[in-house]
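Structure assessment
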Amino acid sequence: MRKLLRAVAAAAILVAPAVAQAQSPVVIKFSHVVANDTPKGKGALKFKELAEKYTDGKVKIEVYPNSSLYKDKEEIEALQLGSVQMLAPSTAKFAPLGVKEFEALDLPWLFKDDDTYAKAMKGPIGKWLFKKLEAKGITGLAYWDNGFHMVSANRPLIKPADFEGLKFRISGSKIADRYFRDLGSIPQIMAFSEVYSALQTGVVDGCENTPSNYLTQKFYEVQKDITVSYHAHLQYAVIVNSKFWNGLPADIRGELEKAMDEATDYTNSIARKENEDALASIKASGKTTLHYLTDDERKQWQTAMQPTYKWAKGRVGQEVLDLISKELDVKMN
Ligand code: LMR
């Protein structure tokens, strides 16, 4: 009997790893910095729902919103180290990956509307940029939209001179750094999770972001004046570590790609409405004043920020500027 028990135990040890392997799902940690109730937050949860459904539970997606797992800079490092498998950072934060070219997308008034943006990312510009990531061991899966930036402070920002001497939080792009400097202000890179308290305590005077981020992070409660300038665009790239991604069984990867395609269509289809609704809620709160630029005022901002276009070449390179110029039919200086 004892012999039999020993044999059973030995057999159990032998088969245990195989059984464990068959039963334990592949875990994909998806970390991001915004609230669940935003276009990106909802997109991540949609991806989780579809991916788990299509892979029949063979993959488990753990979504960590609101910088609950990592803050901006840390999450990029974590992806490279493999401690997290999926991110969707704003493309303004890609320089630490060694791909400054993405910052070209931050040029002010580059996309004249949502449709132009969508066309650019679906077409050669989006593809060319993803190709740049490959050499860095990162695979780009999709672009997710979050609309256009507003800008705020505790004073109305109507004329370029209103920016003079104010400190603005920026998310990472040197192009944004440049256009804030063109306006005479002092930009400062800061993690998204720290912005609310920096605004509240006066570490910075102002910031830029989209309505959905202003609402869900409550920036509007600590900024007296918001200009609905829509001067630059905020987009995300959903990225994975290539080694991890290519190491997945092909059938599973295929299902995940399908889930990502559908989650992307969903996210991009709600982004505009989410931001419109967020702006309406901000307005209804009565806690801040919204300002809109006249055509003439907008032209003054554009003229003041124009030097950024010339400067951009040294930062992002001529190639991406030429491509954008050709695809979007815009002048680059
Ligand atoms: C920011 O840091 O302002 C944004 O990139 C946050 C986000 O992911 O929308």
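Residues numbered from 1 in each chain as written. Predicted model: local features only at pLDDT ≥ 70, side-chain atom pairs only at ≥ 80, totals over all residues. Heavy atoms only, no water.

Below, the discussion takes up the packing of helix α11 (residues 295-305) against helix α12 (residues 307-316). One way to put it is that α11 packs onto α12 with a least axis distance of 5 Å and a crossing angle of 30°. When α11 is examined against α12, the residues Thr303, Ala304 and Met305 are found in contact with a partner set consisting of Pro307, Thr308 and Tyr309. For the contact of α11 with α12, the residue count by class is 4 nonpolar, 2 polar and no charged. (Axes fitted to C-alpha atoms, helices over the stretch in contact; angles between N-to-C directions. Helix = DSSP H or I, 4+ residues; strand = E, 2+ residues; numbered from the N terminus. Contact = heavy atoms within 4.5 Å. Nonpolar A, V, L, I, M, F, W, Y, C, P; charged D, E, K, R; others polar.)

For helix α2 (residues 39-54), with 16 residues, the first-to-last C-alpha span of 22 Å sits near the 22 Å given by 1.5 Å per residue. Within two residues after α2, Asp56 carries a phi angle of roughly 55°, on the positive side. (Expected span 1.5 Å × (residues − 1).)

This paragraph deals with the site of the ligand. Near the ligand you find Val33, Val34, Lys40, Ser90, Lys93, Arg169, Ser171, Phe192, Asn209, Asn213, Leu234 and Tyr236, and these make up its full shell. Tyr236 is positioned such that a nitrogen or oxygen atom in its side chain is 2.5 Å from an oxygen atom of the ligand. For the ligand, the protein covers 99% of the area, taking 270 Å² as the surface of the free molecule. Cavity membership is defined here by more than half of the atoms lying within 2 Å of grid points; on that basis the ligand lies in the largest cavity. For the shell around the ligand, a count of residues per class yields 5 nonpolar, 4 polar and 3 charged. (Near = heavy atom within 4 Å. Polar contact = N/O pair within 3.5 Å; in protein donor to acceptor, adjacent residues only side chain to side chain. Areas by Shrake-Rupley, 256 points an atom, 1.4 Å probe, with all protein chains shown as cover. 1 Å grid on protein atoms, 1.4 Å probe; cavity = no way out; pocket = protein on both sides within 12 Å on 5 of 7 lines; lining within 4 Å. Sits in = over half its atoms within 2 Å of the grid points.)

It is worth spelling out the packing of aromatic side chains at this point. The final tally for this structure, using the stated rule, is 14 aromatic pairs. Ring centres 6.4 Å apart and planes at 50° place the aromatic pair Phe163 and Phe180 in the tilted group. You can see Phe163 sitting in the loop between β5 (150-153) and β6 (167-170) and its partner Phe180 sitting in helix α6 (residues 174-182), a full 17 residues away along the chain. As far as burial versus exposure is concerned, Phe163 and Phe180 are alike and both buried. The interplanar angle of 90° and the centroid separation of 5.1 Å between the aromatic rings of Phe163 and Trp301 together place this pair among those described as edge-to-face. Residue Phe163 is located in the loop between β5 and β6, and its partner Trp301 is located in helix α11; the two are separated by 138 residues in the primary sequence. The same class applies to Phe163 as to Trp301, namely buried. An aromatic cluster of at least three residues, connected via ring pairs, comprises Trp109, Phe163, Phe168, Tyr179, Phe180 and Trp301. (Phe/Tyr/Trp six-rings, centres within 6.5 Å; stacked < 30°, edge-to-face > 60°. Buried < 20%, exposed > 50% of the residue type's maximum accessible area, 1.4 Å probe, protein only.)

Turning next to the sheet that holds strand β3 (residues 86-87). Read from one edge to the other, the open sheet built from 5 strands follows the order β2-β1-β3-β10-β4, with strand pairing classed as mixed. Two strands lie at the open edges of the sheet, namely β2 (59-64) and β4 (138-148), each paired on one side alone. Sheet contacts for α2: β1 (26-31), β2, β3, β4 and β10 (233-241); angle to β2, the most-contacted strand, approximately 165°. (Pairing = 2+ DSSP bridges.)

Viewed as axis vectors pointing N to C, α2 and helix α10 (residues 250-285) meet at an angle of 155°, and their least axial separation amounts to 8 Å. Classed by the angle they form, the pair α2 and α10 counts as roughly antiparallel. Along this stretch, α2 crosses α10, giving a crossing that reads as right-handed. Looking at the contact of α2 with α10 residue by residue, the class counts come to 12 nonpolar, 3 polar and 7 charged. (Parallel < 35°, antiparallel > 145°, perpendicular 65-115°, else oblique. Left-handed = near helix turned anticlockwise from the far one by under 90°.)

This paragraph deals with helix α4 (residues 114-122). Of the positions making up α4, those classed as buried are Asp114, Thr116, Tyr117, Ala120 and Met121. The arc that holds every buried residue of α4, seen down its axis, measures 165°, which confines them to one face. Among the exposed residues of α4, those oriented more than 90 degrees off its buried face are Asp115, Lys119 and Lys122. Buried residues in α4 make contact with α5 (124-134), β4, β10, α10 and α13 (318-328). (Arc of directions from axis to C-beta.)

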